[in-house]
Amino acid sequence: MEFNASEHPHKRYNPLKGEWILVSPHRMQRPWDGQTESVHSDMGLEFDPTNPLCPGVVRSSGIVTPEYKSTYVFTNDFPAMLEDTPSPPQSDDPLFQIEGVKGTCRVMCFYPKSNVTISLMSIKDIVTVISSWIQQLEELGKTYTWVQIFENKGTMMGCSNHHPHCQIWACSFLPNEPRIKDIHQREYLAKYGRPMLMDYVDRELKAKTRIVTENQHWVVLVPFWAVWPYETMVLPKRHVKRMNEITEHEKTTLASVMKILTIKYDNMFKTSFPYSMGWHGAPTGQKCENNDHWVFHGIYLPPLLRSATVKKFISGFELLAQCQRDLTAEQAAERLRSQSDVHYLQ
């Protein structure tokens, strides 16, 4: 019997994190008797007078959200980190290490209307979002080591407010995920003389099997080592270390692939597709030097697997041993690629 990646279980290596994932494509044939959830294809109200992210509504802090017309950024009323906080005493005990942290957490509303997500926004409005991200990155990056821009979309991904928005957390330390990526990208450059993700983009552009969409400057693909069923990466076709290095034209083409990808996501199951997404680039602050190993990229992590009512759970073997997926990266890319570039609501 010859090995077939779309039929036989196997492992795939993630060189960015030094981890393996178990792929079990034969399991896609099994019946599903687990949890199902109601489909919510309605995008909601354009304006909700009780939603604190809507223009003119009072937040829990007592501050009135202004009548903004495009993007609006404010400091989170309940931040996970503080800019001014005392440091704990140092410990010599290897089992009980503790360090102080400083940081700030901000919220960015993408658009004044609550029922207009990225997939339904104009390219011009998405460019405004990207420009605001860059502005925040440059401002916060002067002080902090890491600036994490991320969006949780949908209740499945823990989002309690359906108004289109993202969060920006800036911190005085390098968090676990970028720290691990920093190590492996640095080692790859030292060994092969090229940034890892630039070599990866070149290989994927030749293979074509995992590409969802691409244009002059960007490619969206399901990574070979993807964990989530319809996980994707957004990668540049030239070496860019941070978001603030992209040109005005690249902002427009990035907005275009973001819109196409999120349209395809929504069209997959005719629902406002939930996901967590974010951007990774070279560290900032005092860690700005010697980052040629870094390549700026985006990650979309959606939970849906079989339909709008069935999501993937990270549990059991995955929590205790190793991540596992059923649908192969190539199958996921083909399904996403086949979706229309026109939103199902339009």
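My aim in this report is to walk through the structure given alongside it, one point at a time. (Residues numbered from 1 in each chain as written. Predicted model: local features only at pLDDT ≥ 70, side-chain atom pairs only at ≥ 80, totals over all residues. Heavy atoms only, no water.)

### Description of the nonpolar core
Alright, step 1. With 54 residues, the main nonpolar core has Phe 110, Ile 130, Trp 133, Tyr 230, Leu 254, Met 258 and Trp 279 as its most contacted residues.
Alright, step 2. Among the elements of the structure, helix H1 (123-141), strand E5 (146-153), strand E6 (165-171), strand E8 (218-221), helix H4 (248-269), strand E10 (275-280), strand E12 (304-307) and helix H6 (329-337) are those that each provide at least two residues to this core.
Alright, step 3. In this structure, Tyr 188, Ile 211, Leu 221 and Met 233 belong to the second largest nonpolar core, which totals 14 residues. (Core = buried A, V, L, I, M, F, W, Y, C linked by side-chain atoms within 4.5 Å. Buried < 20%, exposed > 50% of the residue type's maximum accessible area, 1.4 Å probe, protein only. Helix = DSSP H or I, 4+ residues; strand = E, 2+ residues; numbered from the N terminus.)

### What about the environment of Ile 246?
Alright, step 1. Checked against the element boundaries, Ile 246 lands in the loop between strand E9 (232-236) and H4.
Alright, step 2. For Ile 246, a relative accessible area of 8% puts it in the buried group.
Alright, step 3. Sequence separation between Ile 246 and Ile 134 is 112 residues; the distance between their C-alpha atoms is 9.4 Å.
Alright, step 4. In this structure Ile 246 touches Ile 130, Ile 134, Trp 218, Arg 238, Val 240, Lys 251 and Leu 254, once residues within four positions along its chain are discounted. (Contact = heavy atoms within 4.5 Å.)

### Digging into the sheet that holds E10
Alright, step 1. Spatial strand order, E3-E4-E6-E5-E10-E11-E9-E8-E7: nine strands in an open sheet with antiparallel pairing. Of all the strands in the sheet, the pair left with one neighbour each is strand E3 (72-75) and strand E7 (211-214). On average, each strand axis in the sheet is inclined to that of its neighbour by 20 degrees, with strand direction left out of account.
Alright, step 2. As judged from the three bridges shared by E9 and strand E11 (residues 297-301), these two strands associate in the antiparallel manner. (Pairing = 2+ DSSP bridges. Axes fitted to C-alpha atoms, helices over the stretch in contact; angles between N-to-C directions.)

### Focus on the packing of aromatic side chains
Alright, step 1. Tallying each qualifying case throughout the model produces 17 aromatic pairs.
Alright, step 2. Between Tyr 200 and Trp 225 the ring centres are 4.6 Å apart and the planes differ by 40 degrees, which places this aromatic pair in the tilted class. Of the two residues, Tyr 200 is situated in helix H3 (residues 196-207) and Trp 225 in the loop between E8 and E9; the sequence distance between them amounts to 25 residues. The burial state of Tyr 200 is the same as that of Trp 225; both residues are buried.
Alright, step 3. On the basis of an interplanar angle of 35 degrees and a centroid distance of 6.2 Å, the ring pair of Tyr 265 and Tyr 275 is categorised as tilted. Residue Tyr 265 is located in helix H4, and its partner Tyr 275 is located in strand E10; the two are separated by 10 residues in the primary sequence.
Alright, step 4. What makes Tyr 265 buried here is its relative accessible area of 0%.
Alright, step 5. Residue Tyr 275 is classed as buried on the basis of its relative accessible area of 2%.
Alright, step 6. Taken together, the aromatic side chains of Tyr 230, Tyr 265, Phe 269, Phe 273, Tyr 275 and Tyr 300 make up a single cluster linked through ring pairs.
Alright, step 7. Here the guanidinium or amino end of Lys 11 rests over the ring plane of Trp 20, the centre of that ring lying 4.5 Å away.
Alright, step 8. The ring of Phe 74 carries Arg 59 above its face, with NZ or CZ at 3.9 Å from the centroid. (Phe/Tyr/Trp six-rings, centres within 6.5 Å; stacked < 30°, edge-to-face > 60°. Lys NZ or Arg CZ within 6 Å of the ring centre and 35° of its normal.)

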